[in-house]
Amino acid sequence: MADLASVYDEAAQDTPEWDAWADLRRCYTQIDTLFDETLPAVPTAEDFTIGESTPPRPEAGRYTPAMLEWVEYGAFALFPTRKALADNTKVADQFICYLTEYLIRNADGLRLNVPGNGTPVYDGIGPSVCYSYTSDVDNPVDMLLSMIEHGDGFTDEITDRTDDYTDSKAQPE
């Protein structure tokens, strides 16, 4: 997690590559593909094995904690290694669009481009999320990398961010 002041680049917010990535129609199409094609293709089992299969899809909305956890199980199954992530950037992009949108909807996030945050999925752009109530910047690519490299899922990190948002609303300004 980085501090906004240390990573913000105004010029990076207005590049053709970033504008194309941040187009909401494109992002929503990617999220639809994740839920309609990619995740249903992952083996499902009641007694699932993390990294190989997922539990059955929960009866929950797309942007709920239960669905976020299910998406995480799918990410573990699809990206067992950093090489798998780098070799399958089209699917990685679907997850990154979803994680970004989840943070926007549930933690009052804003999309921003931090070009250094995109490797190994993107060249020249780095989808990131910033907030009005903290100077922290979250990096969905790094969330996937951390999951792969450390075995830590992204659900806890995102839940902490949504809790921060809830706490910030409770504080008088």
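So, here is what we can say about the structure in this document.

### Quick word on the sheet that holds strand β2 (residues 109–113)
Pairing is antiparallel across the open sheet formed by four strands, whose spatial order is β1-β4-β3-β2. Bordering the open sheet on either side are β1 (2–3) and β2, each of which pairs with just one other strand. Against the sheet, helix α6 (residues 89–107) makes contact with β2, β3 (127–131) and β4 (136–138), and its axis sits at roughly 140 degrees relative to β2, the strand it touches most.

### What about the pairing of β3?
By the criterion of burial, β3 is predominantly enclosed, with five of the five residues buried. Here β3 shows a buried face lined by Pro-127, Val-129 and Tyr-131 and a second buried face lined by Ser-128 and Cys-130. Both β2 and β3 contribute to a ladder of five bridges, which runs antiparallel. Residue pairing for β3: Leu-112 is matched across the bridge by Ser-128. As paired elements, β3 and β4 share two bridges and run antiparallel to each other. Paired with Val-129 across the strands is Asp-138, a residue of β4. Two successive antiparallel strands, β3 and β4, enclose a turn made up of four residues.

### Points about the nonpolar core
Ranked by size, the top nonpolar core spans 41 residues in total, and within it Trp-21, Phe-35, Val-71, Phe-79, Phe-95, Tyr-98 and Phe-154 carry the most contacts. Elements with a contribution of two residues or more to this core: α2 (16–22), α3 (24–38), α4 (65–78), α6, β3, α7 (140–150) and α8 (155–170). For this core, the element with the highest residue contribution is α6, accounting for 10 residues. Each residue touching Phe-154, except ones within four places of it in the same chain, is listed here: Leu-68, Val-71, Glu-72, Ala-75, Leu-99, Met-143, Leu-144 and Met-147.

### Some thoughts on the side chain of Gln-13
Along the chain, Gln-13 falls in the loop between α1 (4–7) and α2. We classify Gln-13 as buried; its relative accessible area is 18%. A distance of 2.9 Å separates the side chain of Gln-13 from the backbone oxygen of Asp-9, its partner in a polar contact. Excluding anything up to four places from it in sequence, Gln-13 contacts Tyr-8, Trp-18, Asp-19, Leu-112 and Asn-113.

### A few points about the packing of aromatic side chains
Tallying each qualifying case throughout the model produces 10 aromatic pairs. Ring geometry for Trp-21 against Tyr-122: centres 6.2 Å apart, planes inclined by 85 degrees, an arrangement best described as edge-to-face. Remark: Tyr-122 occurs in the loop between β2 and β3 and Trp-21 occurs in helix α2; sequence separation between them is 101 residues. Accessibility expressed as a relative area gives 10% for Tyr-122, which makes it buried. The interplanar angle of 55 degrees and the centroid separation of 6.0 Å between the aromatic rings of Tyr-98 and Tyr-102 together place this pair among those described as tilted. Here Tyr-98 and its partner Tyr-102 are both found in helix α6, four residues apart, which amounts to about one turn of the helix. Each member of the pair Tyr-98 and Tyr-102 is classed as buried. Of the aromatic side chains, those joined through ring pairs into one cluster are Phe-35, Tyr-63, Trp-70, Tyr-98 and Tyr-102.

### Describing the packing of α6 against α7
Relative placement of two packed helices is described by the angle separating their axes and the distance separating the axes. Relative orientation of the contacting elements α6 and α7 amounts to 115 degrees, with a least axis distance of 9 Å. Considering how the two elements wind past one another, α6 and α7 form a crossing that is right-handed. Along its contact with α6, which presents Ala-92, Phe-95, Ile-96, Leu-99, Thr-100 and Leu-103, the element α7 presents Pro-140, Val-141, Met-143 and Leu-144. The residue makeup of the contact of α6 with α7, split by class, is nine nonpolar, one polar and no charged.

### Observations concerning the environment of Ala-66
Structurally, Ala-66 can be placed in helix α4. Taking the relative accessible area as the measure of exposure, Ala-66 reaches 38% and is therefore partly exposed. On a C-alpha basis, the gap between Ala-66 and Asn-88 in space is 25 Å, while along the polypeptide they are 22 residues apart. Residue contacts for Ala-66: discarding those within four places in its chain leaves Pro-58 and Ala-60.

The rules behind these values
Residues numbered from 1 in each chain as written. Predicted model: local features only at pLDDT ≥ 70, side-chain atom pairs only at ≥ 80, totals over all residues. Heavy atoms only, no water. Pairing = 2+ DSSP bridges. Helix = DSSP H or I, 4+ residues; strand = E, 2+ residues; numbered from the N terminus. Contact = heavy atoms within 4.5 Å. Axes fitted to C-alpha atoms, helices over the stretch in contact; angles between N-to-C directions. Buried < 20%, exposed > 50% of the residue type's maximum accessible area, 1.4 Å probe, protein only. Core = buried A, V, L, I, M, F, W, Y, C linked by side-chain atoms within 4.5 Å. Polar contact = N/O pair within 3.5 Å; in protein donor to acceptor, adjacent residues only side chain to side chain. Phe/Tyr/Trp six-rings, centres within 6.5 Å; stacked < 30°, edge-to-face > 60°. Left-handed = near helix turned anticlockwise from the far one by under 90°. Nonpolar A, V, L, I, M, F, W, Y, C, P; charged D, E, K, R; others polar.

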